[in-house]
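One letter stands for each residue in the lines below.
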Amino acid sequence: MPQLINILVIGDVIGKAGRRALTEHLPRLIDQHHIDFTVANGENLAAGFGLTEKTADEMFSLGVDVLTNGNHCWDQREFLQLIDKDERFTRPMNFSARAPGQGWTVRETPSGHRIAVLNLIGQVFMGAWDCPFAAASRAMQEIPDDVSAILVDMHAEATSEKMGMSWHLDGQASFVYGTHTHVPTCDEIIHASGTAYQTDIGMTGSYQSIIGMKVESALARMVDKLPRRFEAVERGATIFATKVQVDSATRKAVHIERIRILPG
Ligand SMILES: [Fe+2]
Ligand SMILES: [Fe+2]
């Protein structure tokens with residue numbers, strides 16, 4: 001079993017534009033970068049609102065191993081049942097204990113490494129979820145000891161809260177990263193402890209938009225404060241992803257690199 005594991009993290013994938021871009025580029029990316037394990041955030045897969053079996057299957061068939069989630073988790077009703085049928089889905093662990101689904105999962109790479117993925121949601125500007133820090137501590141106790149890497153999707157609005165989570169899990173997680181804002185940050189770092197961190201991976205969606213939605217209606221809502229339907233842009237997505245290399249013997253990150261693929 002090779003000691004170094006190459007992991008590709010994709011942020012929020014927005015509707016058809018995001019799915020199209022990944023269809024075009026993801027299999028090649030996985031190949032070119034010798035990726036062993038791929039995780040993406042699926043909360044906006046279905047036209048920007050939640051995910052369906054069809055859109056999730058599209059991602060799995062392209063090589064995504066785990067789909068994490070966020071505040072749009074239940075936008076598509078079918079996902080309330082679907083989530084319990086497949087171990088490749090997570091939802092934030094600090095959702096209500098009555099919510100279906102699981103907060104973390106462990107999946108195996110083709111070479112036999114077991115990878116844990118933990119999903120959390122922030123509280124600042126996000127809603128009255130349970131404490132993500134308490135949930136993260138509980139997860140560190142629950143996740144089996146034989147995993148080779150621990151990835152943490154901290155789905156949150158506030159940069160400080162995401163950074164706080166990286167220090168809360170410093171030395172325990174391999175990579176703590178943010179999703180949800182749909183805007184990438186260039187602050188990727190590996191701390192002395194070996195925990196990698198990035199405040200937001202950024203969306204895979206159209207940047208000729210307002211966080212993936214058509215400008216006209218999203219802007220009009222801001223300007224005249226009247227209700228309008230959000231519509232996801234369907235073409236021209238940029239892929240933002242981050243590659244992290246983890247030493248399976250220590251679970252520490254040894255390399256981190258942002259990847260950007262502009263629309264063709
Ligand atoms: Fe999102
Ligand atoms: Fe979100």
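Caption draft 1: Looking closely at the nonpolar core. The biggest cluster of nonpolar side chains holds 33 residues, and the ones touching the most others in it are Ile10, Leu22, Leu26, Leu67 and Phe89. Within the residue set of this core, elements represented by two or more residues are strand 1 (4–12), helix 1 (15–32), helix 2 (53–62), helix 3 (79–82), strand 11 (237–247) and strand 12 (252–261). Top contributing element to this core by residue count: helix 1, with six residues. Non-local contacts of Phe89, meaning those with residues more than four positions away in its chain, are made with Leu51, Ala56, Phe60, Leu67, Phe79, Leu82, Ile83 and Gln102. The next biggest cluster of nonpolar side chains, apart from the first, holds 21 residues, and it includes Leu120, Met165, Val176 and Tyr197.

Caption draft 2: Structural detail: the coordination of the iron ion (ligand 1). Around the iron ion (ligand 1), the protein contributes the donor atoms Asp12 (OD), Glu43 (OE), Asn44 (OD1) and His182 (NE2), which lie 2.0 to 2.2 Å from the metal centre. Between the four donor atoms coordinating the iron ion (ligand 1), the angles at the centre fall across 93 to 161°, so the site counts as irregular. We note that the donor set of the iron ion (ligand 1) lies within a single chain, spaced as D-x30-E-N-x137-H. Exposure remark for Asn44: the relative accessible area of 1% places this residue in the buried category. For His182, a relative accessible area of 6% corresponds to the buried category.

Caption draft 3: The pairing of strand 12, seen in detail. Strand direction decides the pairing type here: strand 11 and strand 12, joined by nine bridges, are antiparallel. Note that in strand 12 the partner of Thr242 across the bridge is Arg258.

Caption draft 4: A look at the coordination of the iron ion (ligand 2). Coordination of the iron ion (ligand 2) by the protein comes from Glu43 (OE), Asn71 (OD1), His155 (NE2) and His180 (ND1), over a distance range of 2.1 to 2.2 Å. In primary-sequence terms, the residues that donate to the iron ion (ligand 2) follow E-x27-N-x83-H-x24-H. The distance between the iron ion (ligand 2) and the iron ion (ligand 1) is 3.5 Å, with Glu43 acting as a donor to both metals. In this pair, Glu43 is assigned in the loop between strand 2 (37–41) and helix 2 and His155 in strand 6 (residues 149–155), connecting sequence segments 112 residues apart. Each member of the pair, Glu43 as well as His155, carries the same accessibility label: buried.

The rules behind these values
Residues numbered from 1 in each chain as written. Chains lettered and ligands numbered in written order. Predicted model: local features only at pLDDT ≥ 70, side-chain atom pairs only at ≥ 80, totals over all residues. Heavy atoms only, no water. Core = buried A, V, L, I, M, F, W, Y, C linked by side-chain atoms within 4.5 Å. Buried < 20%, exposed > 50% of the residue type's maximum accessible area, 1.4 Å probe, protein only. Helix = DSSP H or I, 4+ residues; strand = E, 2+ residues; numbered from the N terminus. Contact = heavy atoms within 4.5 Å. Donors = N, O, S within 2.8 Å, 3.2 Å for Na, K, Ca; no water. Tetrahedral: all angles 85-135°; square planar, octahedral: opposite > 155°, others 65-115°. Pairing = 2+ DSSP bridges.

Just geometry here; none of it tells us what the structure is for.
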